[in-house]
Amino acid sequence: MLSVSQLTRRFGHFTAVDTVNFTIDKGSIVGLLGHNGAGKTTVMKMISGFLEPTRGSIVLNGEDLLQDPKKIHRVLGYLPENSPLYPELKVFDYLNFIASVRGIPKPERPRQVKSALEATDVLDRAFSPIQSLSRGLKQRVGVAQAILGEPDVVILDEPTNGLDPEQTLHMRDLIKRLGERATVLLSTHIMQEVEAICDQVLIMRNGKLIVNDSLAALQSNHHLTIATSAARGELEKIIDGVGQAASIKLLDSVEEDGKKRIYKAQLDRSLPQSQADEIISKLASALIAANHGIYQLATEKRDLETIFKEVGEGVEVVDHAA
């Protein structure tokens, strides 16, 4: 398990990462999202040991990695956005060199290099010069160097950047396979990528972690749209009157279209679907009894792109980081 606590990084008077906390379970694939400048890359560099935090701790399986920086390179693999390849070297020679830098014992290196080549499906190009490879194969070699030594945590920064659709699908399959034995932290701007392979989502804004939740919870259908003629105060009284004040939270935003007011609300996520349906039914009956028009009353499934946009615009997001 990887646990990050109070992680902070300042550059002079500028705070790039501000008191970030999160925990990732073993075997999870986690998407780290945020606009450019949100602090994603700085977080990844601190976890990978390339940048020292101003304060905070990074604990893997009970051990603080910051107390023994050299150990980071034995238990963690990192693929930066611009993979550090040496184009004049052959793939095998490059990986063998990286294995030596990582401190993998010389007798172990051939086996470890072969294992990484097999895992990334580039064994047949082991003796090809890196400069002769396609961009997709170069990315695979970059992932191969990140998983040398079978690290417990693999960090991938924009691994599909610049790849064509077929290469992107191959990379996604590779990341899924990595997630079967290691914890994977993935930074990307592609929402479909996160929805396709991630279990957990972290979203940052201006150095702060705003969202930290499972993908399933973020997309849950406990988000409610209420379009009615009732004013906000009247709607709040009706919700309270049917005894659901603790189960329905009205959000701040409201749209008005003539007599119609459109509210967004959040149902208690701990409620089973049957109880959520019952609450919606009671609310509809109460609105009708109070002679208020109902234009829409339904749960909705939010897509990740919508959530990301809300975070970027500073709109309140119900699923806050822990």
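Note that the structure is a prediction, hence the values are computed from the model and not measured.

### Remarks on a nonpolar patch on the surface
Logical step 1: On the surface, a nonpolar cluster with roughly 290 Å² of combined accessible area is contributed by Tyr86, Phe97 and Val101.
Logical step 2: The residue Phe97 is located in helix H3 (residues 91–101) in this model.
Logical step 3: A residue is classified by how much of its surface remains accessible, and Phe97, at 38% relative accessible area, is partly exposed.

### Thoughts on the pairing of strand E4 (residues 55–60)
Logical step 1: Sheet analysis places strand E1 (residues 2–11) next to E4, joined by five bridges and oriented antiparallel. Considered in E4, the bridge of Leu2 is made with Leu60.
Logical step 2: Pairing analysis gives two bridges linking E4 to strand E5 (residues 63–64), with the strands arranged antiparallel. Bridge pairing in E5 links Val59 to Asp64.
Logical step 3: Taking the residues that link successive antiparallel strands as the turn, the E4-E5 hairpin has two residues, and the phi of Asn61 there is positive, at about 50°.

### Section: the pattern of salt bridges
Logical step 1: By the definition in use, this model includes seven salt bridges.
Logical step 2: Taking the shortest distance from any N to any O, the salt bridge between Asp121 and Arg177 comes out at 3.2 Å. Of this pair, Asp121 sits in the loop between helix H4 (109–119) and helix H5 (135–146) while Arg177 sits in helix H6 (residues 165–178); the two residues are 56 residues apart in sequence, bridging distant segments of the chain.
Logical step 3: A residue is classified by how much of its surface remains accessible, and Arg177, at 34% relative accessible area, is partly exposed.
Logical step 4: Measuring nitrogen to oxygen at the nearest pair gives 3.9 Å for the salt bridge that ties Arg172 to Glu193. Of this pair, Arg172 sits in helix H6 while Glu193 sits in helix H7 (residues 191–197), and the two are 21 residues apart along the sequence. There is no split in this pair, since Arg172 and Glu193 are both buried.

### As for the pairing of strand E10 (residues 208–214)
Logical step 1: With five of its seven residues buried, E10 lies for the most part within the structure.
Logical step 2: Note: strand E9 (residues 200–205) against E10, six bridges, orientation antiparallel. Bridge pairing in E10 links Arg205 to Lys208.
Logical step 3: Taking the residues that link successive antiparallel strands as the turn, the E9-E10 hairpin has two residues, and the phi of Asn206 there is positive, at about 50°.

### A closer look at the environment of Gly293
Logical step 1: By the secondary structure assignment, Gly293 is in the loop between helix H10 (273–289) and strand E14 (294–300).
Logical step 2: Along the backbone, Gly293 and Ser28 are 265 residues apart, and their C-alpha atoms lie at a distance of 46 Å.
Logical step 3: Leave out the neighbours within four places in its chain, and Gly293 touches Ala227, Thr228 and Ser229.

Reading guide: rules and limits
- The written sequence of each chain sets the order in which its residues are numbered from 1.
- Side-chain atom pairs in this predicted model are given and counted only at pLDDT of 80 or more, local residue features only at pLDDT of at least 70, and totals for whole chains, interfaces and linings cover all residues.
- Side-chain metrics rest on all non-hydrogen atoms present in the structure, leaving aside hydrogens and water.
- Patches were defined on residues exceeding 30% relative accessible area and lacking a salt bridge, with like-charge contacts within 9 Å and nonpolar side-chain contacts (Val, Leu, Ile, Met, Phe, Trp, Tyr) within 5 Å.
- The protein chains shown are the only cover counted for residues, whose accessible areas, like all others here, come from Shrake-Rupley with a 1.4 Å probe.
- Any Lys or Arg side-chain nitrogen located within 4 Å of an Asp or Glu carboxyl oxygen qualifies as a salt bridge.
- Under the scheme used here, helices are H or I runs from DSSP no shorter than 4 residues and strands are E runs no shorter than 2 residues, and both carry numbers assigned from the N terminus.
- The buried label goes to any residue with under 20% of its type's maximum accessible area, the exposed label to any with over 50%, and the partly exposed label to all in between, with areas taken from a 1.4 Å probe on protein chains only.
- Two strands are said to pair when DSSP picks up at least two bridges between them.
- What makes two residues a contact is simply this: any of their non-hydrogen atoms within 4.5 Å.

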